[in-house]
Amino acid sequence: MGKHDRLCGSGTKDMKISRVIATFGGCGLSPKAPGTVGSLAALLVALPFMRRKRVLATGAVVASVAGWWAADQAGDGEDHGWIVIDEVAGMWISLLACTASKTTEDTSSQENPFIWSLVAFALFRLFDIRKPGPVGVLDRRHDALGIMGDDIVAGIMAAGFIKTFRWLGRALKPAKG
């Protein structure tokens, strides 16, 4: 019996719903870099919604709430590598900063949300792996708040950096004339 069999049942038909959610449909069962696989899966699922900010925000809230429950039920207070719903929630939060803004006349820096999505992926993974400041504090908790919270904060930090980069890009752009 393999590691994932012991943790998640002998097959997907034996998996509890909390473990299906916690593994984001099995993405967390990747033998290599399950957090990165979960983050990449979250990015791919979100791409069709990059022009629908409300849908993406709703997805982030649902992933956060369902993830909190699933982490509590399936995780036994530990942030097992196979729990990746936290990466999904954090990734979707970071992607909110990549969506097109309707309030800006100059959309040149927003024409390709895909490029910003790649930046969000890189920043989110950096903050999730390095665990700076509040990300690390939350990571040291051994409960659902710690499991979900560190990635939610990493997503917020990545979003903040992206918003700043995009603002600087608009502010430093030479005036047309």
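Counting from 1, residues in each chain are numbered in the order their sequence is written. Totals for whole chains, interfaces and linings use all residues, but because this is a predicted model, local features are given only for residues with pLDDT of at least 70 and pairs of side-chain atoms are given and counted only at 80 or more. Note: side-chain values were computed over all heavy atoms of the structure, leaving out hydrogens and water.

(A) Just the overall build of the chain, in detail. Runs of H or I in DSSP of at least four residues are treated as helices and runs of E of at least two as strands, each being numbered from the N terminus. A tally of helices and strands in the chain yields eight helices and zero strands. Written out in order from the N terminus, the α and β elements of the chain read α-α-α-α-α-α-α-α. Out of the 177 residues in the chain, the part that is buried amounts to 44%. A fraction of 76% describes how many contacts in the chain between residues 6 or more apart in sequence connect residues 24 or more apart. Methods summary: accessible areas were calculated by the Shrake-Rupley approach with a probe of 1.4 Å, and residue burial reflects only the protein chains presented. Element-wise, carbon and sulfur atoms account for 63% of the exposed surface of the chain, whose accessible area totals about 9,600 Å². Here's how the labels work: a residue is buried when its accessible area is under 20% of the maximum for its type, exposed when over 50%, partly exposed in between, all with a 1.4 Å probe on protein chains only. The contact criterion used throughout is that any non-hydrogen atoms of two residues lie within 4.5 Å.

(B) Layout of the pattern of salt bridges. Whenever a carboxyl oxygen of Asp or Glu lies within 4 Å of a side-chain nitrogen of Lys or Arg, that contact is scored as a salt bridge. Going through the model one piece at a time under the given rule, you end up with five salt bridges. A salt bridge links Arg125 to Asp128, with the shortest nitrogen-to-oxygen separation between them at 2.6 Å. Here Arg125 and its partner Asp128 are both found in helix 6 (residues 113-130), three residues apart, which amounts to about one turn of the helix. The two residues Arg125 and Asp128 agree in class, both being buried. Note that Lys131 and Asp139 form a salt bridge whose closest N and O atoms lie 3.9 Å from each other. Among the charged side chains, a network of salt bridges with common partners joins Arg125, Asp128, Lys131, Asp139 and Asp150.

(C) Looking closely at the nonpolar core. As used here, the term nonpolar core means buried Ala, Val, Leu, Ile, Met, Phe, Trp, Tyr and Cys residues forming a set that is joined through side-chain atoms within 4.5 Å. Core analysis: the biggest nonpolar cluster contains 40 residues, and Leu56, Met91, Trp92, Leu95, Cys98 and Ile162 have the highest contact counts within it. Of all the secondary structure elements, the ones that give two or more residues to this core are helix 3 (34-46), helix 4 (53-75), helix 5 (85-95), helix 6, helix 7 (134-139) and helix 8 (144-171). The element best represented in this core is helix 8, accounting for nine residues. If near-sequence neighbours (up to four positions away) are discounted, Met91 is found in contact with Ser39, Ala42, Leu43, Ser117, Ala120, Phe121 and Phe124.

(D) Quick peek at the environment of Gly26. Summarising the element assignment, Gly26 is placed in the loop between helix 2 (17-22) and helix 3. Distance in space between the C-alpha atoms of Gly26 and Ile83 is 9.5 Å, their sequence separation being 57 residues.

(E) Quick peek at the packing of helix 4 against helix 8. Lines fitted to C-alpha atoms define the axes here, with helix axes fitted over just the stretch in contact, and angles between the N-to-C directions of these axes take values from 0 to 180 degrees. For the pair helix 4 and helix 8, the least separation of the axes is 8 Å and the interaxial angle reads 155°. Between helix 4 and helix 8, the interaxial angle falls into the category roughly antiparallel. Judged by residue contacts, Lys53, Ala63, Ser64, Gly67, Trp68, Ala71 and Asp72 of helix 4 engage Ala144, Leu145, Ile147, Met148, Ile152 and Lys163 from helix 8. Looking at the contact of helix 4 with helix 8 residue by residue, the classes come out as eight nonpolar, two polar and three charged. Under this scheme an angle from 65 to 115 degrees is roughly perpendicular, one under 35 degrees roughly parallel, and one over 145 degrees roughly antiparallel; angles in between are oblique. Charged means Asp, Glu, Lys or Arg here, nonpolar means Ala, Val, Leu, Ile, Met, Phe, Trp, Tyr, Cys or Pro, and polar covers whatever is left, Gly included.

(F) Looking closely at the packing of aromatic side chains. Aromatic pairs are defined between Phe, Tyr and Trp rings, using the six-membered ring for Trp, whenever the two ring centres lie within 6.5 Å; interplanar angles under 30 degrees are classed as stacked, those over 60 as edge-to-face, and all others as tilted. Per the counting criterion, the structure on display carries three aromatic pairs. Arranged with centres 5.3 Å apart and planes meeting at 55°, the rings of Phe127 and Phe161 form a pair that is tilted. Note that Phe127 is positioned in helix 6 and Phe161 in helix 8, a separation of 34 residues in sequence. Using a relative accessible area of 40% as the deciding quantity, one classes Phe161 as partly exposed.

(G) Representation of the side chain of Arg166. Tracing the chain through its elements places Arg166 in helix 8. A polar contact is formed between the side chain of Arg166 and the backbone oxygen of Thr99, at a distance of 3.2 Å. Here a polar contact is taken to be a pair of N or O atoms separated by no more than 3.5 Å, where protein atoms must pair a possible hydrogen donor with a possible acceptor and residues adjacent in sequence count only if both atoms sit in side chains.

(H) Region of the structure containing the packing of helix 5 against helix 8. Viewed as axis vectors pointing N to C, helix 5 and helix 8 meet at an angle of 20°, and their least axial separation amounts to 7 Å. By the angle class used here, helix 5 and helix 8 are roughly parallel. In this structure, helix 5 crosses over helix 8, and the sense of that crossing is right-handed. Where helix 5 abuts helix 8, its residues Ile85, Asp86, Glu87, Ala89, Gly90, Ile93 and Ser94 lie against Ile147, Met148, Asp150, Asp151, Ile152, Gly155, Ile156, Ala158, Ala159 and Ile162. Residue composition of the contact of helix 5 with helix 8, grouped by class: 10 nonpolar, three polar and four charged. Crossing handedness: left-handed means the near helix sits turned counterclockwise from the far one by under a right angle, and right-handed means the same turn made clockwise.

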